[in-house]
Amino acid sequence: MSSENSSADDVQRVWDVVVVGAGPAGASAAYAAAVAGRRVLLLEKAELPRYKTCGGGIIGPSRDSLPPGFELPLRDRVHAVTFSNNGRFTRTRRSRQMLFGLINRPDFDQQLVEHAQKAGAELRTGVTVQRVEQHGSAVPDRRTVAVVLQGGETLLARAVVGADGSASRIGAHVGVKLDQVDLGLEAEIPVPETVAEDWKGRVLIDWGPMPGSYGWVFPKGDTLTVGVISARGEGAATKRYLEEFIGRLGLAGFEPSVSSGHLTRCRADDSPLSRGRVLVCGDAAGLLEPWTREGISFALRSGRLAGEWAVRIAEAHDAVDARRQALNYAFAIKAGLGVEMSVGKRMLTVFERRPGLFHAVLTGFRPAWNAFKEITQGSTSLGELVRTHPMAHRALIALDRRPVSGATAGPVGDEGAEVTS
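Quick summary incoming for the structure in this document. (Residues numbered from 1 in each chain as written. Predicted model: local features only at pLDDT ≥ 70, side-chain atom pairs only at ≥ 80, totals over all residues. Heavy atoms only, no water.)

A few words now on the sheet that holds strand β7 (residues 100-103). Across the sheet, which stays open at both edges, the three strands sit in the order β3-β7-β4 with antiparallel pairing between neighbours. Strand pairing shows two members of the sheet lacking a second neighbour, β3 (57-58) and β4 (74-78), which therefore form its edges. The pairing of β4 with β7 spans four bridges and is antiparallel. From the neighbouring strand, Asp76 faces β7, where its bridge partner is Leu102. (Pairing = 2+ DSSP bridges. Helix = DSSP H or I, 4+ residues; strand = E, 2+ residues; numbered from the N terminus.)

Below, the structure is given as structure tokens:
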């Protein structure tokens, strides 16, 4: 940007990029735009640090998307996974290398925001965005977006990134369409040292009683994060599953420090990712893995791309150029994260129909466990796996087509047996 334009913008207080929402997606977008030398404002309605319902698993793709020099505030390093099918047919698998790390979201999100600030982004907390306007009296020219705050204050930007979560107002402006909505319930349970020691380095994943549901236990020092997720509309059954899950684990006697719920929302294939000079990323765009509902890596990766393309949109001198850059952003998202989502959607369909077979394959078939390890460690992705491994591709097609039968309701083996590899 020329110095002449800069001085004009200073008078009008026009930001190059305004990012709405300071979660992993927003902080990543703000960092990417600030590193490019642009004037960036990051807005957050809460005061930081703030709690977020989230398991807090950091898989390889998340780790690879962090800013240079970022030190993960890990609460534990996972080397073992115990799988169960609604409390039965327990199997534990181990890995010499760390599978993934566990973090507390308040610490992690705060640290990401600090990296964006160090890169030059300015942070404002305790502000709620009511709406964005790209036409009308609040907008001085066609290169500007007005961000209207609760209380009436208006901020001006050359580009806006919406990263304001799954109930996004910016997403509504863009016209985001959702294909899948799930309810996650979670409890943070402080436990005695003897209990914490038993869980150290090991997580539990339990395939649940409702189609597509599952539960998890993630150890974080003296606290266990215990949660379940299932399709929205099964609220009472989901709550019952969590209560029974906690009871089955022998944790019902411990008082949770936090109990919370959260809706996760997956975008439809034809859902827009932009409108004019406004982009959406992370949960605001409905970007997450449909089967596991893993969202942190999708937030970090889409946030970085949104920040990079917001810089290009900010530099666009007309609507045609801005549109071109927005389409390039959409292409980048769909070529990477979109492929992973489409495979995840197929995986969810298979899992909903045949959880027992899914459990048997993952715990009893070494290539399946190896694939799980490679995905969590970041050496491959779901999309890459299906594209490059003919066996995985053929297996997914076969499972897609195979009718459900009672014979595969549960895996072969003794209930409660534990196998370690």
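Let us look at the pairing of strand β15 (residues 223-231). For β15, the tally of buried residues reaches eight of nine residues, placing the bulk of the element in the interior. Taken together, the nine bridges between strand β12 (residues 178-190) and β15 define a ladder with antiparallel strand orientation. Of the residues in β15, the one forming a bridge with Glu186 is Gly227. Strand direction decides the pairing type here: strand β14 (residues 214-220) and β15, joined by seven bridges, are antiparallel. The residue bridging Val217 from the neighbouring strand is Val226, located in β15. Hairpin connection between β14 and β15: a loop of two residues separates the two successive antiparallel strands, and Gly221 in this loop has a positive phi of roughly 70 degrees. (Buried < 20%, exposed > 50% of the residue type's maximum accessible area, 1.4 Å probe, protein only.)

Looking now at the pairing of β14. Where a strand is regular, its side chains alternate between the two sheet faces. With seven of seven residues buried, β14 is to be regarded as a mostly interior element. Of the two faces of β14, both are covered, the one formed by Tyr214, Trp216, Phe218 and Lys220 as well as the one formed by Gly215, Val217 and Pro219. Pairing geometry for strand β13 (residues 202-207) and β14, over four bridges, is antiparallel. Directly across from Leu204, in β14, lies its bridge partner Val217. Between β13 and β14, which pair antiparallel and follow one another directly, the connecting turn spans six residues, one of which, Gly212, has a positive phi of 80 degrees.

This part is about the sheet that holds strand β6 (residues 88-94). Read across the sheet, seven strands follow the order β6-β5-β13-β14-β15-β12-β16 without closing on themselves; strand pairing throughout is mixed. Edge positions in the sheet fall to β6 and β16 (258-267), since each of these pairs with one other strand and no more. Between one strand axis and the next, the sheet turns through 20 degrees on average, direction left out of account. With respect to the sheet, helix α10 (residues 355-364) is in contact with β5 (80-85), β6 and β13, its orientation differing from that of β5 by roughly 150 degrees. Along the sheet face, helix α11 (residues 366-377) touches β5, β6 and β13 and points at about 125 degrees away from the line of β5. (Axes fitted to C-alpha atoms, helices over the stretch in contact; angles between N-to-C directions. Contact = heavy atoms within 4.5 Å.)

Right, let's talk about the side chain of Arg50 for a bit. Mapped onto the elements of the fold, Arg50 is located in the loop between β2 (40-44) and β3. Excluding residues that lie within four positions of it along the chain, Arg50 makes contacts with Ala22, Gly23, Glu44, Pro106 and Asp109.

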